[in-house]
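Structural overview for review
So the chains spell out like this:
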Amino acid sequence: LMAPMSSLHSARRTCTTLSKSPPHRHVRCRASGSSSGSSFDSGMDAASVMKPFRNKAAIKVIAGLMNFDQADVLDIANAARLGGATCVDIAADHELVTRVRETLTAHGKQEVAICVSGVDPVNLAAAMELADMGEIGNYDWFYASDPEFQMDAETVLHIAHGVKSRCPSKPLSVTVPHTLPLDAQVDLAFALQKDGLADIIQTEGAVVSRPQRSGVVGLIEKATPTLAAVHSISRGVNIPVMAASGISDVTAPLALAAGASGVGIGTFISKQNSTVGRIAAVRTVKETMAVSFANQHGASQTTQYY
């Protein structure tokens, strides 16, 4: 596994090189469905990937950008499929994408988008060639590995430019670092939208949350930073915002109410000790979101969740 700071330093070095490189050197990835003879042409197109976000029904199951345990990632992908998630987020690794694609299409048409995550623009764009979308972040693994870790706005913009210039045809989600003040998070999200560098903004914050109580109250306390970011950022941009980091079945509906177009769930799924438990956890999140949507918009519109 890559050391956390060496990974970030690699991304920054690549971004510095990128900013000095002429546009014609950038290798552009193909859109899904292009006629290239690739076995991955059956992947989901951008419109299909973005549809759940437009419908405020996106559920992304996060395996982890540094999780290269193939058996675990495939189990999480299968749980996402059977539980009704709309996307599974995995490390930017070609072999993992290949195996996850096989898992998601083993029983028919692919209904769950494959998102690859990373912080190195070259590696991430290359993995997006095989996947359906990309994600810059999230950074929870880095925070846990190094308490001194910080991701500044300039670096995020550089990475996003590096990925989008190489792979403009596929949706890109960008995590806004919770280490920035809330107003700076909104500014960064707006800059990403204005420059066309992000199709989705993802929030975070559970790492700094210190719940004082257990149970439902503790789950709400844990999600407070990311919910606050969703509330603020969703009012400053016109692109979908995804709440991630500390989200559970209790707080997913709160995320929608705060302005999210979907949720990213990681620990809530991975901590389950069986495949059945993981499937049930995904379904529970989906059901609570459907109920919340029905309460806000009317029961007749909840069919988009099923």
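From a predicted model like this one, the values you see are computed outputs, not experimental measurements.

**Quick word on the overall build of the protein chain**
The number of helices and strands found in the protein chain is twelve helices and eight strands. Residue pairs in contact within the protein chain that sit at least 24 positions apart in sequence constitute 70% of those at least 6 positions apart. Accessible surface, the protein chain as shown: approximately 12,900 Å² in total, 53% of it carbon and sulfur.

**Examining the confidence of the model for the protein chain**
In this model, the protein chain carries an average pLDDT of 86, and 80% of its residues clear a pLDDT of 70 or more. Across residues 1-5 the pLDDT falls below 50, and counting only partners more than four positions away or on other chains, this stretch makes eleven contacts in the model.

**What about the pattern of salt bridges?**
Using the criterion set out here, one finds eight salt bridges in the structure. Close ionic contact of Asp-89 with Lys-60 constitutes a salt bridge, the shortest N to O distance being 2.9 Å. Residue Asp-89 is found in strand S2 (residues 87-91), and its partner Lys-60 is found in strand S1 (residues 58-62); the two are separated by 29 residues along the sequence. Of the two residues, Asp-89 and Lys-60, both sit in the buried class. A salt bridge links Asp-195 to Lys-194; the nearest nitrogen and oxygen atoms lie 3.1 Å apart. According to the relative accessible area criterion, Asp-195 is partly exposed, its value standing at 43%. With a relative accessible area of 55%, Lys-194 lands in the exposed category.

**A few points about the packing of helix H3 (residues 70-83) against helix H12 (residues 275-297)**
As a packed pair, H3 and H12 sit with axes 8 Å apart at the nearest point and diverge in direction by 45 degrees. Looking at the two axes, H3 sits oblique to H12. For the crossing formed where H3 meets H12, the hand is right-handed. Mapping the contact onto sequence places Asp-72, Asp-75, Ile-76, Ala-79, Leu-82 and Gly-83 in H3 and Thr-275, Arg-278, Ile-279, Val-282, Arg-283 and Lys-286 in H12. Here the residues of the contact of H3 with H12 sort into five nonpolar, two polar and five charged.

**Remarks on the packing of aromatic side chains**
Going through the model one piece at a time under the given rule, you end up with four aromatic pairs. Relative to Phe-142, the ring of Trp-141 has its centre 5.4 Å away and its plane inclined at 90 degrees; by these criteria the two rings are edge-to-face. On the basis of relative accessibility, which here comes to 27%, the residue Trp-141 falls in the partly exposed class. Judged by relative accessible area, which is 1%, Phe-142 ranks as buried. In this structure an aromatic cluster arises from ring pairing among Tyr-139, Trp-141, Phe-142, Tyr-143 and Phe-149.

**What to know about helix H7 (residues 153-166)**
End to end, H7 covers 20 Å across 14 residues, agreeing with the expected 20 Å (1.5 Å per residue, within 8%). Listed in full, the buried residues belonging to H7 are Thr-155, Val-156, Ile-159, Ala-160, Gly-162, Val-163, Lys-164, Ser-165 and Arg-166. Regarding H7, its N-cap is Asp-152, as a side-chain oxygen of that residue lies 3.2 Å from the backbone nitrogen of Glu-154 further along.

**Digging into the sheet that holds strand S8 (residues 262-265)**
As summarised here, the arrangement of the eight strands in space is S1-S2-S3-S4-S5-S6-S7-S8, forming a closed barrel in which the pairing is parallel. Each neighbouring strand pair of the sheet contributes to a mean axis angle of 25 degrees, computed without reference to strand direction. Across four bridges, the pairing between strand S3 (residues 113-118) and strand S4 (residues 133-136) is parallel. Residue pairing for S4: Cys-115 is matched across the bridge by Met-133. Lying on the sheet, H3 is in contact with S1 and S2; it crosses S2 at an angle near 170 degrees.

**Some thoughts on the nonpolar core**
With 72 residues, the main nonpolar core has Val-88, Ile-90, Val-100, Ile-136, Tyr-139, Leu-192 and Ile-201 as its most contacted residues. Counting residues in hydrophobic clusters, the runner-up holds eleven residues, among them Met-44, Met-50, Ala-58 and Ile-200.

What counts as what
Residues numbered from 1 in each chain as written. Predicted model: local features only at pLDDT ≥ 70, side-chain atom pairs only at ≥ 80, totals over all residues. Heavy atoms only, no water. Helix = DSSP H or I, 4+ residues; strand = E, 2+ residues; numbered from the N terminus. Contact = heavy atoms within 4.5 Å. Areas by Shrake-Rupley, 256 points an atom, 1.4 Å probe, with all protein chains shown as cover. pLDDT = per-residue confidence, 0-100. Salt bridge = Lys/Arg side-chain N within 4 Å of Asp/Glu carboxyl O. Buried < 20%, exposed > 50% of the residue type's maximum accessible area, 1.4 Å probe, protein only. Axes fitted to C-alpha atoms, helices over the stretch in contact; angles between N-to-C directions. Parallel < 35°, antiparallel > 145°, perpendicular 65-115°, else oblique. Left-handed = near helix turned anticlockwise from the far one by under 90°. Nonpolar A, V, L, I, M, F, W, Y, C, P; charged D, E, K, R; others polar. Phe/Tyr/Trp six-rings, centres within 6.5 Å; stacked < 30°, edge-to-face > 60°. Expected span 1.5 Å × (residues − 1). Polar contact = N/O pair within 3.5 Å; in protein donor to acceptor, adjacent residues only side chain to side chain. Pairing = 2+ DSSP bridges. Core = buried A, V, L, I, M, F, W, Y, C linked by side-chain atoms within 4.5 Å.

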